[in-house]
Amino acid sequence: MYNQGNQAISGKELAYISDSLKNEELLTKLCVQGAVECQSPSLKQTLSHLSQERLQNISNLMNTLQQQSGMTH
């Protein structure tokens, strides 16, 4: 187990975070590709917004992993 303060995170939880990261990366790529290829301005805007949300989720997940590994910014 990994410790953060008094909280411990299990290997299973770390694996879940890793899987979530991969999923968010895939969703980001799909949203960007859809925004580039679609013709509808409103759909482009929606997909762009969704890709930004996915990028924020990736950042949050990476921060969690860095904190768990003892690397802090």
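Residues numbered from 1 in each chain as written. Predicted model: local features only at pLDDT ≥ 70, side-chain atom pairs only at ≥ 80, totals over all residues. Heavy atoms only, no water.

Concerning the overall build of the chain
Moving on, step 1. A tally of regular secondary structure across the chain gives two helices and two strands.
Moving on, step 2. Helices (α) and strands (β) of the chain occur, in sequence order from the N terminus, as β-β-α-α.
Moving on, step 3. Taking all 73 residues of the chain together, the buried fraction comes to 23%.
Moving on, step 4. Here the contacts in the chain between residues at least 6 apart in sequence split such that 55% fall between residues at least 24 apart.
Moving on, step 5. When the accessible surface of the chain is totalled, it reaches about 5,500 Å², and 55% of it is carbon and sulfur. (Helix = DSSP H or I, 4+ residues; strand = E, 2+ residues; numbered from the N terminus. Buried < 20%, exposed > 50% of the residue type's maximum accessible area, 1.4 Å probe, protein only. Contact = heavy atoms within 4.5 Å. Areas by Shrake-Rupley, 256 points an atom, 1.4 Å probe, with all protein chains shown as cover.)

Points about the environment of leucine 21
Moving on, step 1. Inspection of the secondary structure puts leucine 21 in helix H1 (residues 11-37).
Moving on, step 2. Using a relative accessible area of 8% as the deciding quantity, one classes leucine 21 as buried.
Moving on, step 3. Contacts of leucine 21, omitting those with residues within four sequence positions, involve Ile58, Leu61, Met62 and Leu65.

Overview of the nonpolar core
The nonpolar side chains of a soluble globular protein tend to be buried, and buried together.
Moving on, step 1. If you look at the biggest cluster of nonpolar residues, it comprises six residues: Ile9, Leu14, Ile17, Leu21, Ile58 and Leu61.
Moving on, step 2. In terms of residue count, H1 provides more of this core than any other element does, three residues in total. (Core = buried A, V, L, I, M, F, W, Y, C linked by side-chain atoms within 4.5 Å.)

What to know about H1
For an α-helix, 3.6 residues make a turn, and residues three or four places apart therefore share a direction.
Moving on, step 1. With 27 residues, H1 should reach 39 Å at 1.5 Å per residue; the first-to-last C-alpha distance of 39 Å fits that figure.
Moving on, step 2. Those residues of H1 not exposed but buried are Leu14, Ile17, Ser20, Leu21, Glu24, Thr28, Cys31 and Ala35. (Expected span 1.5 Å × (residues − 1).)

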